[in-house]
Structures are given as structure tokens and as C-alpha cells.
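Chains, contacts and geometry: an overview
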Amino acid sequence: MDADVRDRLDRLEIPFNEFGVDPYGISKAYLGPFFQGLKFFFRHYFSVESQGIENVPAHGRAMLIGNHSGGFAIDGAMVIASQFFEMNPPRLAQGMAEKFLNKLPFASQITNRLGHLTGLPEHAERLLADDRLLMVFPEGARGTAKLYKERYSLVGFGSGFMRLAMRMKTPIVPLAFLGGGEALPTIANAYSLGRVLGVPYIPVTPWGLAVPIPAKLEICYSAPMHFEGDGSEDDEVVHGYVEQVRERISGLIERGRRRRRGEP
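Read on for a plain summary of the structure. It should be emphasised that the depicted structure is a prediction, and the values quoted were computed from it without experimental measurement. (Residues numbered from 1 in each chain as written. Predicted model: local features only at pLDDT ≥ 70, side-chain atom pairs only at ≥ 80, totals over all residues. Heavy atoms only, no water.)

Quick look at the packing of helix H1 (residues 3-11) against helix H2 (residues 28-45) now. It is the contact of H1 with H2, at a shortest axis distance of 10 Å, that shows an interaxial angle of 135°. In this view, H1 runs oblique relative to H2, as classed from their interaxial angle. As H1 packs across H2, the resulting crossing turns out to be right-handed. Judged by residue contacts, Asp-4, Val-5, Leu-9 and Asp-10 of H1 engage Lys-28, Leu-31, Gly-32, Phe-35, Gln-36 and Lys-39 from H2. Class assignment of the residues belonging to the contact of H1 with H2 gives a composition of four nonpolar, two polar and four charged. (Axes fitted to C-alpha atoms, helices over the stretch in contact; angles between N-to-C directions. Helix = DSSP H or I, 4+ residues; strand = E, 2+ residues; numbered from the N terminus. Parallel < 35°, antiparallel > 145°, perpendicular 65-115°, else oblique. Left-handed = near helix turned anticlockwise from the far one by under 90°. Contact = heavy atoms within 4.5 Å. Nonpolar A, V, L, I, M, F, W, Y, C, P; charged D, E, K, R; others polar.)

This is the structure we're talking about:
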């Protein structure tokens, strides 16, 4: 582990005990090698550029809400790296892990040690109550399954994140992840093979394997959004708020698309 990773790990505002483990089971022994490996992909392989990261609160609870892009969890990994390597002090973005991971050997233990709990409402609520930084992709698995031609699009958002944000009085920081479709240009999804392997699907690329190439990736963070209420509002109200977040992310994606194509 290099000095930069070690220093940032020591400055995380997480209550590690004398064994380097926090109350959720997050382990420094796992985070160190994880961020050391992630640093190469973030700094060099994908040369990730973050814009507007000052919009992410330096302390306290917040929700990072973004679009899915890249066939699998490339987007989540790079957002986590962005918070760790570009925030001062560094923050640990914690995600809600897909439930299918509990069925894969060792996957549940590893994700938990890295701070990503099974995607249950009670887990998310507890993290926010402890002033953690929660990362949510409301498109779910349908978002990562987008084909190359759909890479700048959004599928429907669930509303659970909004009710949670309102109930927990939590600011929402919308973000757009750009370039995932170029890093892993999916031309089809092998759903049958995915079921055999215990995952939702396997992305199929022009070169067959779901191995990303070193495309330029970008993460664009927008100003925090605040919504009043306690989360028990009528569906019509909540869906309206969800649409506001979706429109903000869509605007970030469109501006990024134009910039990447050199359009005015």
C-alpha cells in the first residue's frame, strides 16, 4: 500500500476499532488493497475526470444518485474511487449491493468488508442515521443492461430512494457517469448464461468477453437537491420529486454527451 492510500485510509471519518473494523464490519485490511488496486484504474487505465465534486458534502449524511453505465459495476467503483481520492477529507461511498451477491461464494463477505450492504431499506436508513455517504443507482440492474446505442439514455427510476431521503432529511447529490458505454460497449446480454452463473446477465461485447477497454470516463456531480416531507407522501408527489432528480441527471448526461462529441 502506497503512502497516499494509507494516509487517506487513516483520514476516513469512520469509527474503526483497534482491530481496524467498524460497527458495520468494514475492514481496513480489505479497504487498503481494494483502493490500492482501484487507484490504477481510476488514475491511469480510465483516467477518470471528476467535475463538481465540491458539491458533495464533506461531512454528514448525503445520497449520491446516478445513472448506471458500463455493463456492470464500473460506475460504482469509479464513484467510490472519486470520493476516496478527490475528497478532502476522503469519504467512503457505501452502496446497496444487489441481493444476488449473497448467493455467490465469498461475495457477500467481501462487499460487506468494503462497506456495501445488501440493498434493504433498513440498511440504507441505518447508514444515513449514522451520517454516512450512500450511493444509489435507481435504475437498478436494468440500467447496467443498457446496450451501447442506449448508453446516454435513462430507464425508469424507482422511488424508494426519494422516500428514504425525505424520511431521513438527507440531501441528494445527482451525478452523471459518462463513458461506461465506451469502456464496455454492450451489443447484447446473455441472460440464460447469467442465470446459470447466478447473476442477472452477462454483457456481450464486440470482442466477446465482458472486459472493459481503457476509455475516458467522467463523473459530473450536480448541486445538492433538498426535498421536504417525511416520505409518507402520496405516490404522485414522490414520483414528481423523483422526476426532478431524473431530469437533473438527464441534463448532466446530455451536456456530457455534447462535450464528448465536440458539439456546442
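The side chains of a regular strand alternate, first on one face of the sheet and then on the other. Taking every second residue as pointing to the same face, both faces of strand E9 (residues 218-221) are buried, with Glu-218 and Cys-220 on one and Ile-219 and Tyr-221 on the other. Sheet topology places strand E1 (residues 49-51) next to E9; three bridges connect them, and they run parallel. Across the sheet, the residue bridging to Gln-51 is Cys-220, located in E9. Bridge count between strand E6 (residues 172-178) and E9: four bridges; the pairing is antiparallel. Paired with Leu-178 across the strands is Glu-218, a residue of E9. (Buried < 20%, exposed > 50% of the residue type's maximum accessible area, 1.4 Å probe, protein only. Pairing = 2+ DSSP bridges.)

Take the nonpolar core next. Among the nonpolar cores identified, the biggest contains 70 residues, and Met-63, Met-78 and Phe-161 are the most heavily contacted of them. When residues of this core are assigned to their parent elements, the largest contribution, eight residues, is made by helix H3 (residues 74-86). Contacts of Phe-161, omitting those with residues within four sequence positions, involve Met-63, Ile-65, Val-136, Pro-138, Ile-172, Val-242 and Val-245. (Core = buried A, V, L, I, M, F, W, Y, C linked by side-chain atoms within 4.5 Å.)

Here H1 crosses H3 at 90°, and the two axes come no closer than 9 Å. As judged from the angle between their axes, H1 and H3 are roughly perpendicular. Every residue of H3 that contacts H1 at Asp-4, Val-5, Arg-8 and Leu-9 is listed here: Phe-84, Phe-85 and Glu-86. Of the residues contributing to the contact of H1 with H3, the split by class is four nonpolar, no polar and three charged.

Further remarks concern the pairing of E6. Extensive coverage of E6 is indicated by the burial of seven of its seven residues. Going residue by residue along E6, you find Ile-172, Pro-174, Ala-176 and Leu-178 tucked away on one face and Val-173, Leu-175 and Phe-177 tucked away on the opposite face as well. Relative to E6, strand E2 (residues 62-66) runs parallel, the two sharing four bridges. Among the inter-strand pairings, Met-63 is bridged to a residue of E6, identified as Ile-172.

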